[in-house]
Amino acid sequence: MHWIALRWLPDAALDHSADGADAPALPPPEALGWWALQYTPHVAWQDEALMLEVSACERLWGGRLQLMRQLLAANPVPDVPGMRMLGAQGATSLVALARLRLFVRGAARPKDLPAGLPLDTLSVARTHLDLLARLGCRTWGDVAALPRGGLTRRFGTELRVALDAAWGLRPESHAWLTLPDVFEQKLELPALAETGPELMWSANRLLSALQIWLRARQRGARALELQWTLDLKRFNGVNLPPHQQVTVRTAEPTQDMAHLRRLLSEKLALATLAAPASWLKLRTLETDPWAGASTSFLPEDNRKGDKLHEMVERLSVRLGARQVLVPCALADHRPERKQAWRPALQTGVQAGVQAGNEKHNGKAPDKARRQAQAAASQPDALYPPWLLPEPLLLEMDGERPCYRGPLSRLVGPQRVEAGWWGCKESKEGKEGKEGIEEGGKPALRDYYVAESPEAGLVWIFRERHSARFSAGEVRWYLQGFYA
């Protein structure tokens, strides 16, 4: 067997005590173990070091030396502000861990391994160092030379078992790390946070762990939830909920932590904490398989800057979802209902991305949606370029409608019958928001292209009589203008 011990330490040349916000933020230990699983399935934490057993896979990486170089080059912790990764190797996990401890404190490696290793590098012997020193034992070999029975009776079985495992006389037992199916990490804050931006420093650690998990699972994040635990149950006589949370959604799967960090910081800047927070928890709500990024040699395909959907998501989070709208085509023959403005995060960007993904993957869009899109996108040569927000009721001169003079009908009629399927309003429409009626009032209209003496060509319609919806009079409306 062959073991590699890894440990992350801040650079001694940098001083991180002046400002705690600038200190290196390590991902949780479990996330560092997920990163190591790409090299070997046998990964475990032992004391302060991450242990990798690589005897079965070292040839796949080009040998022990090449594998060690790849581990040091692929350090999951960024070099700035000065976090470095140290590593050591050994025939057993205890030997590799002892050599790592010698390397950390700058001591030379003994020639005889493991007998020449200092006794303070063995974890189970640290509680007995004074007594063993009085017996004249300074190294592992000195303790191993003591009688087995007397050593066990005086110091317990743990020390003897550890020495047997170090010499390879006894099999080692470890709790191997596994990659969870769903990401969910909890982190205790170093100090109580009273505002949203104060949560961001600790959230960066969870985002680093999320990136490691996404890469290991080969998935992209679509929706995340950051939850914080309130330290108070009651404040100013008001009962408080145990948790608060914010949700971040993206139009397409992503592994870009910079984009998620910007969205999360915008959300936290607008959040109000009901009480100081003591814990953070980040979990994934939606993930999709990660297809990777395609590259091109053409300059026009490698444009710099943010993608369109990333800019829309950032503006929607900063200004509010209903402040960034996109037009959406609707399958309706009534001109005022052929399109509507809806939040970009709910319709426009996501629908476009989803349609593009379906086309790329060779999947046919839903039949009903295809028909709705086709019906909504049918051009009509008689439609004017400028429609009024609401049809304008026209005055009558006998049986002729008037708008800046009597109107002369030139083309028509074009008959429209729609809205007969219902007249219920959506919940948002009742509240005065950007809602769309499900059916609206039935429309029985005859459209004409007419000419006004002063306004030029206009688009008008006449409400047709119906046995059920007749008001007893003929009414004409102005709907739009021609250039």
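For clarity, every value in this text was computed on a predicted model and none was experimentally measured. (Residues numbered from 1 in each chain as written. Predicted model: local features only at pLDDT ≥ 70, side-chain atom pairs only at ≥ 80, totals over all residues. Heavy atoms only, no water.)

Caption draft 1: Seen up close, the pairing of strand β10 (residues 277–289). Bridging between strand β5 (residues 184–193) and β10 involves six bridges; their strand directions are antiparallel. Residue pairing in the sheet places K186 in a bridge with K281 of β10. Inspection of the sheet shows strand β6 (residues 219–230) paired to β10 by 11 bridges, in the antiparallel sense. The residue of β10 that forms the bridge with W228 is L280. (Pairing = 2+ DSSP bridges. Helix = DSSP H or I, 4+ residues; strand = E, 2+ residues; numbered from the N terminus.)

Caption draft 2: Summary view of the pattern of salt bridges. What the rule picks out here adds up to 15 salt bridges. Salt-bridge contacts for D47 lead to R101; the nearest nitrogen and oxygen are separated by 3.0 Å. Of this pair, D47 sits in the loop between β2 (43–46) and β3 (49–53) while R101 is found in helix α3 (residues 93–104), placing the two residues 54 residues apart along the sequence. The partner of R475 in a salt bridge is E463, and the shortest N-O contact between them spans 3.0 Å. On the criterion of sequence distance, the pair formed by R475 in the loop between β18 (456–463) and β19 (476–481) and E463 in strand β18 is long-range, its members being 12 residues apart. Taking relative accessible area as the criterion, R475 reaches 28% and is therefore assigned partly exposed. Connected via shared salt-bridge partners are R7, D47, E48 and R101. (Salt bridge = Lys/Arg side-chain N within 4 Å of Asp/Glu carboxyl O. Buried < 20%, exposed > 50% of the residue type's maximum accessible area, 1.4 Å probe, protein only.)

Caption draft 3: Summary view of helix α8 (residues 200–217). Taking 1.5 Å per residue as the helical rise, α8 with its 18 residues ought to reach 26 Å, and the 25 Å between its terminal C-alpha atoms agrees with that figure. All of the buried residues along α8 are M200, S202, A203, L206, L207, A209, L210, I212, W213 and L214. Where α8 ends, the next residue or the one after it, Q218, has phi of about 55 degrees, a positive value. (Expected span 1.5 Å × (residues − 1).)

Caption draft 4: Structural detail: the environment of R138. When you line up the elements, R138 lands in the loop between α4 (129–134) and α5 (140–144). When near neighbours in sequence (up to four residues on either side) are disregarded, R138 contacts L117, P118, L119, L132 and A133. Within the local environment of R138, its side chain forms a polar contact with the backbone oxygen of A133, the two atoms lying 2.8 Å apart. (Contact = heavy atoms within 4.5 Å. Polar contact = N/O pair within 3.5 Å; in protein donor to acceptor, adjacent residues only side chain to side chain.)

Caption draft 5: Representation of helix α9 (residues 257–270). When the terminal C-alpha atoms of α9 are compared, their 20 Å separation across 14 residues agrees well with the 20 Å that a helix rising 1.5 Å per residue should span. For α9, the complete set of buried residues consists of M257, H259, L260, L263, L264, E266 and L268. Against α8, β6, β9 (243–254) and α10 (308–319) lie the buried residues of α9. In this structure D256 caps α9, since a side-chain oxygen of it lies 3.1 Å from the backbone nitrogen of A258.

Caption draft 6: Broad picture of the sheet that holds β6. Within the open sheet, the four strands sit side by side as β5-β10-β6-β9. Their pairing is antiparallel. Two strands bound the open sheet, and with one partner strand each, they are β5 and β9. Each strand of the sheet is rotated relative to its neighbour by a mean of 20 degrees, with strand direction disregarded. (Axes fitted to C-alpha atoms, helices over the stretch in contact; angles between N-to-C directions.)

Caption draft 7: Focus on the packing of aromatic side chains. Enumeration over the complete set of coordinates arrives at 13 aromatic pairs. Considering the side-chain rings of Y39 and W61, the 5.0 Å spacing of their centres and the 50 degrees angle between planes classify their relative orientation as tilted. Residue Y39 is located in the loop between α1 (29–36) and β2, and its partner W61 is located in the loop between β3 and α2 (64–73); the two are separated by 22 residues in the primary sequence. Through a chain of ring-to-ring contacts, the aromatic side chains of Y383, Y447, W459, F461 and Y477 assemble into a single cluster. (Phe/Tyr/Trp six-rings, centres within 6.5 Å; stacked < 30°, edge-to-face > 60°.)

Caption draft 8: Spotlight on the side chain of T254. On the secondary structure map, T254 appears in strand β9. Since its relative accessible area comes to 8%, T254 is described here as buried. Leave out the neighbours within four places in its chain, and T254 touches L214, G220, A221, L260 and W290.

Caption draft 9: Empty space enclosed by the protein, seen in detail. With the rule as written, the count across this model stands at one cavity of 30 Å³ or more. Counted as a void, the largest cavity has a volume near 40 Å³. Lining of the largest cavity is provided by L207, L224, E225, L226, V246, T247, V248, L260 and L264. For the lining of the largest cavity, the secondary structure elements donating two or more residues are β6, β9 and α9. Considering only residue class, the lining of the largest cavity consists of seven nonpolar, one polar and one charged. (1 Å grid on protein atoms, 1.4 Å probe; cavity = no way out; pocket = protein on both sides within 12 Å on 5 of 7 lines; lining within 4 Å. Points joined across faces, edges and corners; volume = space filled by probe spheres on them. Nonpolar A, V, L, I, M, F, W, Y, C, P; charged D, E, K, R; others polar.)

Caption draft 10: Spotlight on unusual backbone geometry. In this structure, the amide linkage connecting L113 to the following residue, P114, adopts the cis form with an omega of 0 degrees. In this structure, P114 sits in the loop between α3 and α4. Phi angles above zero are rare outside glycine, and Q218 is one such case at about 55 degrees. One can find Q218 in the loop between α8 and β6.

Caption draft 11: Representation of the sheet that holds β2 in the model. In space, the four strands of this open sheet follow the order β2-β3-β1-β4, with antiparallel pairing throughout. The open sheet has two free edges, formed respectively by β2 and β4 (83–90), since each of these has just one partner strand. Taken pair by pair, the neighbouring strands of this sheet meet at an average axis angle of 25 degrees, ignoring direction. Examined bridge by bridge, strand β1 (residues 3–10) and β3 share four bridges and lie antiparallel to one another. Residue A5 lies in a different strand from β3, and its bridge partner there is M51. Against the sheet, α2 engages β1, β3 and β4, with an angle of about 160 degrees to β4. Sheet strands touched by α3: β1, β2, β3 and β4. Its angle to β4, the strand with the most contacts, is close to 135 degrees.

Fair warning: the whole summary comes from geometry, so function is off the table for now.
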